[in-house]
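Read off the chains here:
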Amino acid sequence: MKSLTITFEKEDLELLADYFFELFSPRFSNSGSDNNRQATTIEFSNKMKNKVGLAILFENKIRLSLSYFANAPQLLPYTIFHEMTHLWLYQSGFDPGHTKRFYQKMLEFEQTGYQIDPEVHVHTRLAAEGGYVYICSNCENRWHLKEELRHNIYCALCYRKNGVEYYATLNPDFYAYIDGKLDKCS
Ligand SMILES: [Zn+2]
Ligand SMILES: [Zn+2]
């Protein structure tokens, strides 16, 4: 018997991605801060060579590999959930990396009944939560670092957008501000 290969077009994938994003959204709703949040955009790109998905935190964007999902659309829900988890952590004020909090949230994916992508699951390396939070005074972009720096962080985003130099400084009250309590590490 001949095997049949079905390749999804970009337009089909975009519809599918929107569908899963909407489906998973209730699991990622933040109380309170949703109103002034810009909408998440999802795009498929041919330029993704080493990654199947990427969360672009400050632009609130998810970028997905077109070639990978064109041939494996059944694995799309898993990576969407994964990238949504990165965005959700960042927007909730937490370290957006592969922390314990990240994997805790990813456990919820199993409740959806969709297929886990074994390729993506390989990177279950646990990163410690960055306890030093630097915030740009102009755009509020955040960096979660493991240690304190001797200098402030130059905000390339502000320079790119406005041609103005701004620096991100250490904000020790950040966690207290987000949680109403000090919760630097879990
Ligand atoms: Zn990731
Ligand atoms: Zn900035």
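Here the residue index of a chain counts from 1 through its sequence in written order. All chains are assigned letters beginning at A, and all ligands numbers beginning at 1, according to the order in which they are written. Local features in a predicted model are, by the rule used here, given only for residues with pLDDT of at least 70; side-chain atom pairs are given and counted only at 80 or more, and totals for whole chains, interfaces and linings are based on all residues.

Looking at this structure, how should I read the overall build of the protein?
Working definition: helices are DSSP H or I runs of at least four residues, strands are E runs of at least two. Numbering for both runs from the N terminus. Helix and strand counts for the protein stand at 8 helices and 7 strands. Here a residue counts as buried when 20 or more other C-beta atoms fall within 10 Å of its C-beta, as exposed when 12 or fewer do, and as partly exposed in between; the C-beta atoms come from the backbone. In the protein, buried positions account for 21% of the 186 residues.

Sorry if this is basic, but what is going on with the packing of helix H1 (residues 10–24) against helix H3 (residues 76–91) here?
When two helices pack together, their arrangement is captured by the angle between the axes and the distance separating the axes. To obtain each axis, a line is fitted to C-alpha atoms, and for helices this fit is confined to the stretch in contact; angles are then taken between N-to-C directions over 0 to 180 degrees. H3 packs onto H1 with a crossing angle of 55° between their chain directions and a minimal axis gap of 10 Å. Viewed along their axes, H1 and H3 adopt a mutual orientation that is oblique. The two elements H1 and H3 cross, and the hand of that crossing is right-handed. Where H1 approaches H3, its residues Leu-16, Ala-17, Phe-20, Phe-21 and Phe-24 are matched on the opposing element by Leu-76, Pro-77, Ile-80, Phe-81 and Met-84. Its residues placed into classes, the contact of H1 with H3 shows 10 nonpolar, no polar and no charged. When an angle is under 35 degrees it counts as roughly parallel; over 145 it counts as roughly antiparallel; between 65 and 115 it counts as roughly perpendicular; any other value is oblique. Each crossing gets its handedness from the near helix: less than a right angle anticlockwise from the far helix is left-handed, clockwise is right-handed. Any residue pair is listed as a contact if its two C-beta atoms, each placed from the backbone, are within 7 Å. For this scheme, ten residues count as nonpolar: Ala, Val, Leu, Ile, Met, Phe, Trp, Tyr, Cys and Pro. Four count as charged, namely Asp, Glu, Lys and Arg, and the remainder, Gly too, count as polar.

Mind showing me how you'd approach the environment of Ser-67 here?
Position of Ser-67 relative to the elements: it lies in helix H2 (residues 66–71). Taking the C-alpha atoms as reference points, Ser-67 and Asn-46, 21 residues apart in sequence, are found 6.5 Å from one another.

Would you mind showing me how to read the sheet that holds strand E6 (residues 153–154) here?
Sheets are built from strands paired through backbone hydrogen bonds, the pairs being either parallel or antiparallel. Two strands pair under a simple rule: DSSP has to find at least two bridges between them. Strand order in the open sheet formed by 4 strands is E5-E4-E7-E6, with antiparallel pairing between adjacent strands. Here the strands that pair on one side only, and so sit at the sheet edges, are strand E5 (142–145) and E6. Both E6 and strand E7 (residues 167–170) contribute to a ladder of 2 bridges, which runs antiparallel. From the neighbouring strand, Ile-153 faces E7, where its bridge partner is Ala-168.

It is not clear to me how the nonpolar core should be interpreted in this structure. Could you clarify?
The tendency in soluble globular proteins is for nonpolar side chains to be buried side by side. Here a nonpolar core is just a set of buried residues of the types Ala, Val, Leu, Ile, Met, Phe, Trp, Tyr and Cys, joined wherever their C-beta atoms sit within 7 Å. If you look at the biggest cluster of nonpolar residues, it comprises 18 residues, and the most contacted ones within it are Leu-64, Ile-80, Phe-81 and Met-84. Mapped by element, the contributors of at least two residues to this core are strand E3 (61–65) and H3. At 8 residues, H3 tops the list of elements feeding residues into this core.

So what exactly am I meant to see when it comes to the pairing of strand E4 (residues 132–136) here?
Across a regular strand the side chains alternate sides, sitting on one face of the sheet and then on the other. Two elements, E4 and E5, share 4 bridges in a ladder whose sense is antiparallel. Paired with Tyr-132 across the two strands is Leu-145, which belongs to E5. Across 3 bridges, the pairing between E4 and E7 is antiparallel. Residue pairing across strands places Tyr-134 opposite Leu-170, the latter belonging to E7.

Would you take a moment to explain unusual backbone geometry for this structure?
A negative phi holds for most residues other than glycine; trans holds for most peptide bonds. With a phi close to 55°, Asn-60 is a non-glycine residue in the positive phi region. By secondary structure assignment, the location of Asn-60 is in the loop between strand E2 (53–56) and E3. A tally of 15 C-beta atoms within 10 Å means that Asn-60 is categorised as partly exposed. Its identity as a non-glycine residue notwithstanding, Glu-140 has a phi of 70°, on the positive side. Taking the C-beta count within 10 Å as the criterion, Glu-140 has 10 such neighbours and is therefore assigned exposed.

Before we go on, may I ask you to explain the confidence of the model for the protein in this structure?
A low pLDDT score tells you not to read the predicted coordinates there in detail. pLDDT measures how confident the predictor is about each residue, on a scale from 0 to 100. For the protein, mean pLDDT is 85; residues scoring 70 or higher make up 85% of the total. Across the protein, the element-wise mean pLDDT spans from 55 in helix H8 (residues 174–179) up to 97 in strand E1 (residues 41–45). Across residues 179–186, where pLDDT falls below 50, the model places 11 contacts with residues more than four positions away in sequence or in other chains.

Sorry, what's going on with the sheet that holds E2 here?
A sheet is described by the order of its strands in space; here 3 strands give the open sequence E1-E3-E2, paired in mixed fashion. The open sheet terminates on both sides in strands that have one partner only, identified here as E1 and E2. Taking each pair of neighbouring strands and ignoring which way they run, the sheet shows an average axis angle of 20°. Pairing geometry for E2 and E3, over 4 bridges, is antiparallel. When the bridges of E3 are listed, Ile-56 appears paired with Lys-61. Along the sheet face, H1 touches E1 and E3 and points at about 145° away from the line of E1. Sitting on the sheet, H3 is in contact with E2 and E3, with an inclination near 20° to E2.

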